[in-house]
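Structural features, examined
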Amino acid sequence: MLKDPSEIENLLPQVMADYNADQRFFADYQLPEYVILDELSLDQSERARFLTFTCVTNHIHDDTGQSKQTAGSDGLWQTCGALWRDHQWVYDPEQLVGDNRKDELTDLFGSLEIMDQRDPDWWYRTAVTLEEHWEGDVVNLLATPNPESNPNPEERFDAPTIEETIIAHDFPALGGKKIRPLWLRLMHEEIHELTRIEEISIPVDFHIVGISNRLTAEDTEFDRYDDDDKDTLRTFWQIRCQANDLIPVEVDKALWLLHKYWDQGGRKYVAETLRLIRSQ
């Protein structure tokens, strides 16, 4: 679709301008995490816990080997929204861990088709880690990523420091290369602004690999199962974003929507945008 690889330099800023203005293609589509956040009434601490635990379950389903559906009424975000409404205790580490309700959690998740056998274990371990180190409060984690060391003001709400903390502690799924940057972006946007968020890589998933293949040279085909290819894409988008003063984890939002809805307007939008750029 691109006549020359350099066209991405002009396309990317226009895509993000349209996304941020909710105009053209982006007026019709919204990321599923924002749909459910608009429906729930949550304070800062509640929102941080809801986003954190839902992200823990956003992975390939162990039984099907496929990525979980995240959008739609039966998708992951709406399912977790229903969990919040009906079983809010699962999002409260003090109740979940303090009352030792892991078996109850396992039974509950066993009734949800979208969850696999790893989810209750990973969810519970995340709650244990939060309870042991940050009094069960995700906001405390963001404000004090290293509670065992002497307070360092530069570490407060600092994205790379928080990222290192997530990797160093027992945070299943959140510690992964795909979910960790997604979670950090949500913390930055919805909980508290994080410094150095521009240093966090784009979360490379099925949609980012797919849109990358559509927007790069025709003889290039990245494999979503190949770790080297995914590392290449992280570097590629980091460089493209730096060149255009954009933030990779924010660019992810627009690119994800373009690929997911490619046949419902994404292709047409990109083609029209390229024609507009070429005519200038």
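Let us look at the structure shown here. (Residues numbered from 1 in each chain as written. Predicted model: local features only at pLDDT ≥ 70, side-chain atom pairs only at ≥ 80, totals over all residues. Heavy atoms only, no water.)

Observations concerning the overall build of the chain
Note the following rule: Secondary structure follows DSSP: runs of H or I at least 4 residues long count as helices, runs of E at least 2 residues long count as strands, and numbering of each begins at the N terminus. Note that the radius of gyration is over C-alpha atoms, with the globule rule given as 2.2 Å times the number of residues to the power 0.38. Per-residue accessibility, obtained with a 1.4 Å probe over protein chains only, is compared with the maximum for each type, and a residue is labelled buried under 20%, exposed over 50%, and partly exposed between these values. Contact criterion: two residues are considered in contact whenever any of their non-hydrogen atoms come within 4.5 Å of each other. Only the protein chains shown count as covering a residue, and every accessible area follows the Shrake-Rupley method with a 1.4 Å probe. A positive count includes Lys and Arg, and a negative count includes Asp and Glu. His and the chain ends are not counted in either. Think of each charge as sitting on NZ of Lys, CZ of Arg, CG of Asp or CD of Glu.
Secondary structure summary: the chain contains 14 helices and zero strands in total. Listing each helix as α and each strand as β along the chain from the N terminus yields α-α-α-α-α-α-α-α-α-α-α-α-α-α. Computed over the C-alpha atoms, the radius of gyration of the chain is 19 Å, within 12% of the 19 Å expected from 2.2 N^0.38 for a compact globule of 280 residues. Considering only C-alpha atoms, the chain reaches an extent of 65 × 45 × 35 Å along its principal axes. For the chain, the residues scored as buried account for 53% of the 280 residues in total. Partitioning the contacts of the chain with sequence separation of at least 6, the portion at a separation of at least 24 is 69%. For the chain, the accessible area works out to roughly 13,100 Å², and carbon and sulfur atoms hold 43% of it. Taking the 27 positively charged and 56 negatively charged side chains of the chain as two groups, their mean positions are separated by 6 Å.

Some remarks on the nonpolar core
Keep this limit in mind: The term nonpolar core refers to a set of buried residues drawn from Ala, Val, Leu, Ile, Met, Phe, Trp, Tyr and Cys, joined through side-chain atoms within 4.5 Å.
By size, the foremost hydrophobic cluster in this structure holds 89 residues, and its most contacted members are Phe 50 and Trp 183. By residue number, the principal contributor to this core is helix H13 (residues 248-260), which donates seven residues. With residues up to four places along the chain from it excluded, the contact list for Phe 50 reads Ile 36, Leu 37, Leu 40, Leu 42, Trp 77, Cys 80, Gly 81, Trp 84 and Tyr 91.

Regarding the pattern of salt bridges
Condition: Any carboxyl oxygen of Asp or Glu that lies within 4 Å of a side-chain nitrogen of Lys or Arg is treated as forming a salt bridge with it.
Under the definition given, this model contains 23 salt bridges. Lys 68 is paired through a salt bridge with Asp 119; the nearest N and O atoms lie 2.7 Å apart. A residue pair is termed long-range when its members are at least 10 positions apart, and Lys 68 in the loop between helix H3 (44-56) and helix H4 (76-86) and Asp 119 in helix H7 (residues 118-134) qualify at 51 residues. In terms of burial, Lys 68 and Asp 119 fall into one category: buried. Between Lys 177 and Asp 231 there is a salt bridge, with the nearest N and O atoms lying 3.6 Å from each other. Residue Lys 177 is located in the loop between helix H9 (159-168) and helix H10 (179-190), and its partner Asp 231 is located in helix H12 (residues 227-243); the two are separated by 54 residues in the primary sequence. Asp 231 sits in the partly exposed class, given a relative accessible area of 32%. One connected set of salt bridges, linked through shared partners, spans Glu 33, Arg 185, Glu 189, Asp 252 and Lys 253.

Let's talk about the packing of aromatic side chains
To describe a pair of aromatic rings, you give the distance between the ring centres and the angle between the ring planes. Basically, it comes down to this: Aromatic rings from Phe, Tyr and Trp, taking only the six-membered ring of Trp, are treated as a pair when their centres fall within 6.5 Å; an angle between ring planes under 30 degrees marks them as stacked, one over 60 as edge-to-face, and anything in between as tilted. Criterion for a charge above a ring: Arg CZ or Lys NZ at most 6 Å from the ring centre, at most 35 degrees from the ring normal.
Using the criterion set out here, one finds 16 aromatic pairs in the structure. Here Phe 50 and Trp 84 contribute two aromatic rings whose centre-to-centre distance is 6.2 Å and whose plane-to-plane angle is 85°, an arrangement assigned as edge-to-face. Residue Phe 50 is located in helix H3, and its partner Trp 84 is located in helix H4; the two are separated by 34 residues in the primary sequence. The class for Trp 84 is buried, based on a relative accessible area of 5%. Positioned above the aromatic ring of Phe 236 is the side chain of Arg 240, whose terminal nitrogen or guanidinium carbon lies 5.2 Å from the ring centre.

Focus: the side chain of Asn 58
Relative to the assigned elements, Asn 58 resides in the loop between H3 and H4. Leaving out residues up to four positions away in the same chain, Asn 58 has contacts with Thr 70, Leu 76, Lys 178, Ile 179 and Leu 182.

Notes on unusual backbone geometry
Of note in the backbone geometry, Arg 24 takes a positive phi value of approximately 55° without being a glycine. Here Arg 24 lies in the loop between helix H1 (8-20) and helix H2 (32-39). Judged by relative accessible area, which is 33%, Arg 24 ranks as partly exposed.

Quick notes on H2
Residues Pro 32, Glu 33, Tyr 34, Ile 36 and Leu 37 constitute the buried set of H2. The elements touched by buried residues of H2 are H1, H3, H4, H10 and H13.

Some points on the environment of Asp 18
Here Asp 18 lies in helix H1. Residue classification places Asp 18 among the buried residues on the basis of a relative accessible area of 0%. Each C-alpha atom of the pair Asp 18 and Leu 96 lies 42 Å from the other, and the pair is 78 residues apart in sequence. Setting aside anything within four residues of it in sequence, one finds Asp 18 in contact with Gln 23, Arg 24, Phe 26 and Tyr 269.

This is a description of form; function is not addressed.
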